[in-house]
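Examining the three-dimensional arrangement
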Protein chains: 2
Amino acid sequence: EPKQRGFRFRYECEGPSHGGLPGASSEKNRRTYPTVKISNYVGHARVEVQLVTHTDPLASTRTAWWAVHCTENGTCMVDVGPNDLTASFSNLGILHVTKKSASHDRRQPINTQHLRSTESSILKEAKELGKVMDLNIVRLKFTAYLQDSNGGFTRALKPVVSNAIYDSKSPNASNLKISRMDKTCGTVLGGDEIFLLCDKVQKDDIEIRFYEEDEGGWEAFGDFSPTDVHKQYAIVFKTPPYHSAEIERPVTVFLQLKRKKAGDSSDPKQFTLHPSVQGKPRPF
Amino acid sequence: EPKQRGFRFRYECEGPSHGGLPGASSEKNRRTYPTVKISNYVGHARVEVQLVTHTDPLASTRTAWWAVHCTENGTCMVDVGPNDLTASFSNLGILHVTKKSASHDRRQPINTQHLRSTESSILKEAKELGKVMDLNIVRLKFTAYLQDSNGGFTRALKPVVSNAIYDSKSPNASNLKISRMDKTCGTVLGGDEIFLLCDKVQKDDIEIRFYEEDEGGWEAFGDFSPTDVHKQYAIVFKTPPYHSAEIERPVTVFLQLKRKKAGDSSDPKQFTLHPSVQGKPRPF
DNA sequence: CAATGGGGAATCCCCATAG
DNA sequence: CAATGGGGAATCCCCCTAG
C-alpha cells in the first residue's frame, strides 16, 4: 500500500526524480515502497500498475489525468518470480496533467464544424469532471499477468486497487501542521486568545480540536471564525473551557488542527490548563 | 502622475476591466487618473501613452512586455484642445505578458536551423532581461503631437515620463500591511516576543521598525531571523529596548514593516512601552 | 554532481461586493 | 447584469541539503 498523504504530485515541467511514492509504512531511514504479492502461485508473472480515479477505481482511466513514471520508456511493470512473487515499485511518480494538455489528449471528432466551441466545451467538461472526481486523489491499480503455455503474460488476474493517495500540494489534502503558538498554557475557564502559526489550511474547512487522551475522551474546539484565519497560515482563536473548572493542579491536554471534511488532523501539541486564579470569580 | 503602488497588473487571461490605473492623488471617493497637460499652447493636440521600462525610460519599449488597454481597438491616445489641453487617461490597464508569449513576440529568424534551441535560448534571454529590468516596474511615457498646417498630428513634443509604477501583486512591491499583533505593549527593556500577522513579505527583505515621531527620532528594529518569518505572512520577533530605561510612565511609540531594499513601509501601529516593573532589576 | 524535498514566484481562475 | 477589487488555486521554477 502507498502512503496516503504527504506525497506531492508533480507537473511534467518539474522534471523527473523528485522522489518516488513511498509505502504506507515508510520511515525516514527505512524506506519502503508500494508492493503487491501474488499468492498461491509459483512461476513467472508480470505485474503492471495503473493510476485510476479515487471514486470509480475499477472502471476508469479513460482520461489519463496522471501518468506514472517508473521506467525510462514509460511502461510501468515489473516481472517477478519464479519464487518470490513480491513486486515492489520503488520509483513511482505521479504526474499532474494540466487542464490544457488534458483537453488535447482527448481524441476529438476533428471534422466537426465547431472549431471554437470545442475548446471551451472541453474546458467546461473538465471542470464538471473535476467536481465529481477530485483530480488530486488517485489510487494505484495493480494487475498481475501469469504466463500462459507459450510463455506470454496473458492470463490476467483480478486487479487490486490501493487505498487513496492525496496530492500533498493540493490545498485540501496537504499535511496539517502546527508550527508555533504564542502561548502553550491558559486557564481552565477558556477564553484565552492564542495566535497559532500553521501550514496551509482552508479557512472554511479547519477546526482546532482540544482533547484528552483517556477513553471517555473530553474534546472541545477552539473558538474562531473564518476571518480569524490569516492568509491560510495563521489562526487567532480562543481556547474552549475545560470540562471541569474544579481542578486543583494544572492539567495537560492536547490540541490539533483537524479538517472538517476529510477528518484528517495534524500532530498534536501540548497545552496546559491552569486552575482559575484564587479569588477570581468564575463567570456564570 | 500615476499612483506608484497598490495597482495590480493583470494577465490577458484575466479579462479586461479590473479597474484603471489611478492617479497619485486618487482617493476612495474622489478618483483621479494619470493626467498630462500641454503648456503654452492653444489648439488641438493628440496625446499618446506608452509603457516603458523602469530603468531605461527614454529609450525602450522594444519588447512589449506590457500592453496598455485603454480603448477597444488597442490604441492609447486622446485628442485634446483647443482650449483645455489636459489629457486624462481614465482606463489604463497594465497587462503582464507571460514569458511564453513574450518569446513568441520576438520576430525570429524563422529559417535558421535551430528549431529546439531557439526556444530555450529565448527563455534564457528573457531571464537575463528579467534580471536587469524588473518586469514588475514600469513607467508611462506620454508623447504629445501638435497639429501641423495640414491638420495632421505630426509635430511631436518631447515625451514626458511618469514616476515608476509597481505591480502590487509582485512579491517585492506589494503593499506592506500589519493586520494583527498578539500584544500591543511591552516593557521599556525590550525582549518581549510578539506574533505579528501581515500581508505577504519576503523573509530576507523585511524589517520591523520601531520609532518615535519627534524629530531627533529614535528608531530601533525588531529582533528576528528569516526563519522567524512564517510562510511570508507572519513574523515572530522580539521588541527592541527603548533608548532610555528610565521612564516614569508609559510611552507610546510606533512600529511598521519596512522593506530593506525598496525602503517602503506599512502604515504604522501603536505600541506602548511600560516602565520596567518595580523591583525587577535591569539586566546589565 | 544528481536525487530528494520543499519554498515561493508567476500565472490563472473565480468569488464577493457595489453600482 | 458588468465593473471593480481581491483571495486563493493551479502551475511552474528554482534553491537547499544530503548523499
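What comes next is a walk through the structure. Positions within a chain are numbered from 1, following the residues in the order the chain's sequence is written. The naming scheme follows written order: chains are lettered A onward, ligands numbered 1 onward. Predicted model: local features are reported for residues with pLDDT of at least 70 only, side-chain atom pairs are reported and counted for 80 or more only, and whole-chain, interface and lining totals are derived from all residues. To get the side-chain values, take all heavy atoms of the structure and skip hydrogens and water.

Points about the overall build of chain A
Our working definition: Here a helix means four or more residues in a row that DSSP labels H or I, a strand means two or more in a row labelled E, and each is numbered from the N terminus. Between buried and exposed lies partly exposed: a residue is buried under 20% and exposed over 50% of the maximum accessible area for its type, with that area taken using a 1.4 Å probe on protein chains only. In this description, contact between two residues means that some pair of their heavy atoms is separated by no more than 4.5 Å. With residues, only the protein chains shown are counted as cover, and all accessible areas are computed by Shrake-Rupley using a 1.4 Å probe.
Scanning chain A from terminus to terminus reveals two helices and 20 strands. Taking all 284 residues of chain A together, the buried fraction comes to 40%. In chain A, the share of contacts with a sequence separation of at least 24, taken over all contacts with a separation of at least 6, comes to 66%. Accessible surface, chain A: about 16600 Å² in total, of which carbon and sulfur atoms supply 49%.

A word on the packing of aromatic side chains
This is how it is decided: When the centres of two rings from Phe, Tyr and Trp lie within 6.5 Å, Trp using its six-membered ring, the rings pair. Their planes under 30 degrees apart give stacked, over 60 give edge-to-face, and anything left gives tilted.
Summed over the entire model, instances satisfying the criterion amount to 11 aromatic pairs over all chains. With a centroid separation of 5.6 Å and an interplanar angle of 40°, the aromatic rings of A:Phe89 and A:Phe142 are classed as tilted. Pair noted here: A:Phe89 is in the loop between strand 6 (86-88) and strand 7 (94-96) and A:Phe142 is in strand 8 (residues 137-147), with a separation of 53 residues, a long-range link. Neither residue differs from the other here; A:Phe89 and A:Phe142 are each classed as buried. Relative to B:Tyr233, the ring of A:Tyr233 lies with its centre 6.1 Å away and its plane at 20°, an arrangement referred to as stacked. You can see A:Tyr233 sitting in the loop between strand 17 (229-230) and strand 18 (234-238) and its partner B:Tyr233 sitting in the loop between strand 17 (229-230) and strand 18 (234-238), one on each of two chains. Just as A:Tyr233 is buried, B:Tyr233 falls in that class too. Of the aromatic side chains, those joined through ring pairs into one cluster are A:Phe210, A:Phe237 and A:Phe271.

Observations regarding the protein's contact with DNA strand C
Here is the rule: Residues are classed as near a molecule or strand on a simple rule: at least one heavy atom within 4 Å of it. Polar contacts, as used here, are pairs of N or O atoms within 3.5 Å; protein pairs need one atom able to donate a hydrogen and one able to accept it. Residues neighboring in sequence count only if both atoms are side-chain atoms. Put simply, Ala, Val, Leu, Ile, Met, Phe, Trp, Tyr, Cys and Pro go in the nonpolar bin, Asp, Glu, Lys and Arg in the charged bin, and everything else, Gly too, in the polar bin.
In the vicinity of DNA strand C there are 22 residues, among which A:Arg8, A:Lys169, B:Tyr11, B:Glu14 and B:Lys203 approach most closely. Close to the protein, within 4 Å, the atoms of DNA strand C are drawn from sugar and phosphate at a rate of 60%. A distance of 3.2 Å separates a phosphate oxygen of DNA strand C from a polar atom in the side chain of B:Gln202. Class assignment of the residues belonging to the surface near DNA strand C gives a composition of three nonpolar, seven polar and 12 charged.

Comments concerning the side chain of B:Arg139
Residue position: B:Arg139 is located in strand 8 (residues 137-147). Of the polar contacts made by the side chain of B:Arg139, one reaches the backbone oxygen of B:Ser162; its length is 3.1 Å.

Things to note about the interface of chain B and chain A
Worth spelling out the cut-off: A simple way to read buried area is as the amount of 1.4 Å-probe accessible surface that goes missing from two parts once joined, with both sides added. Just to be clear on terms, a salt bridge is a Lys or Arg side-chain nitrogen sitting within 4 Å of an Asp or Glu carboxyl oxygen.
In this complex, chain B contributes 15 residues to the contact, which on the side of chain A involves 15 residues. Between chain B and chain A, a total of about 1400 Å² is buried, with carbon and sulfur atoms accounting for 65% of that surface. Taken as a group, B:Arg180, B:Phe195 and B:His230 account for 40% of the area that chain B buries against chain A, more than any other trio of residues on that side. Viewed at the interface, chain A and chain B are joined by four salt bridges. Ionic pairing is found between B:Lys231 and A:Asp199, a salt bridge with its closest N-O pair at 3.6 Å.

Observations regarding the pairing of strand 15 (residues 207-211) of chain A
For a regular strand, side-chain orientation follows a simple rule: the groups alternate between the two sheet faces. Residue and element names in this part refer to chain A. What counts, and what does not: Here a strand pair is declared whenever DSSP counts at least two bridges between the two strands.
Most of strand 15 is tucked away: five of the five residues are buried. Of the two faces of strand 15, both are covered, the one formed by Glu 207, Arg 209 and Tyr 211 as well as the one formed by Ile 208 and Phe 210. In this structure, strand 15 lies alongside strand 19 (residues 251-258), joined through five bridges in antiparallel fashion. Looking at the pairing, Phe 210 lines up with Leu 255 of strand 19. Relative to strand 16 (residues 219-221), strand 15 runs antiparallel, the two being bridged by three bridges. Bridge pairing links Arg 209 to Phe 221 in strand 16.

Here we look at the pattern of salt bridges
All names here are of chain A. Within the structure shown, the criterion is met by 20 salt bridges over all chains. For Glu 14, the salt bridge goes to Arg 10, with nearest N and O atoms at 3.0 Å. Note on Glu 14: relative accessible area 27%, which makes it partly exposed. Using a relative accessible area of 17% as the deciding quantity, one classes Arg 10 as buried. Where Arg 259 meets Asp 264, a salt bridge forms, and the shortest distance between an N and an O atom there is 3.1 Å. Accessibility expressed as a relative area gives 14% for Asp 264, which makes it buried. Within this structure, Arg 5, Arg 259 and Asp 264 form a network of salt bridges that share partners.

With respect to the protein's contact with DNA strand D
Surrounding DNA strand D, one finds 21 residues, the nearest of these being A:Tyr11, A:Glu14, A:Lys203, B:Arg8 and B:Lys169. Within 4 Å of the protein, atoms of DNA strand D come from sugar and phosphate in 56% of cases. Here a base nitrogen of DNA strand D sits 2.7 Å away from a polar atom, N or O, in the side chain of A:Glu14. In this structure, a base nitrogen belonging to DNA strand D sits 3.0 Å away from a side-chain N or O atom of B:His18. Each residue belonging to the surface near DNA strand D can be placed in one class, and the counts come to three nonpolar, seven polar and 11 charged.

Comments concerning the relation of the copies chain B and chain A
Going by this rule: The copies are overlaid by a least-squares fit using only the C-alpha atoms of residues whose pLDDT is at least 70 in both copies.
With an axial shift of 0.0 Å and an RMSD of 0.1 Å, the rotation relating chain B to chain A amounts to 180°. Here the symmetry operator amounts to a two-fold rotation axis. When the interface residues of chain B are mapped onto chain A, 100% of them again fall at the interface, so both copies present the same face.

Quick notes on the sheet that holds strand 20 (residues 269-274) of chain A
All names here are of chain A. Filter applied, for reference: Convention adopted: a line fitted to C-alpha atoms gives each axis, helices being fitted over their contacting stretch, and angles between N-to-C directions are expressed from 0 to 180 degrees.
Taken together, five strands build an open sheet; the order of strands is 13-20-19-15-16 and the sheet is mixed. Of all the strands in the sheet, just strand 13 (185-187) and strand 16 have a single pairing partner and so form its edges. Strand-to-strand twist in this sheet, taken as the mean axis angle between neighbours without regard to direction, amounts to 35°. Sheet topology places strand 13 next to strand 20; three bridges connect them, and they run parallel. Each residue of the ladder has a partner; that of Gly 186, found in strand 20, is Leu 273.

Focus on the environment of B:Asn163
Residues and elements named next belong to chain B. As for its placement among the helices and strands, Asn 163 is situated in the loop between strand 10 (160-161) and strand 11 (165-166). Between the alpha carbons of Asn 163 and His 54 there is a distance of 8.6 Å; along the sequence they are 109 residues apart. When neighbours within four sequence positions are excluded, Asn 163 is seen to be in contact with Glu 1, Pro 2, Gln 4, Val 138 and Arg 139.

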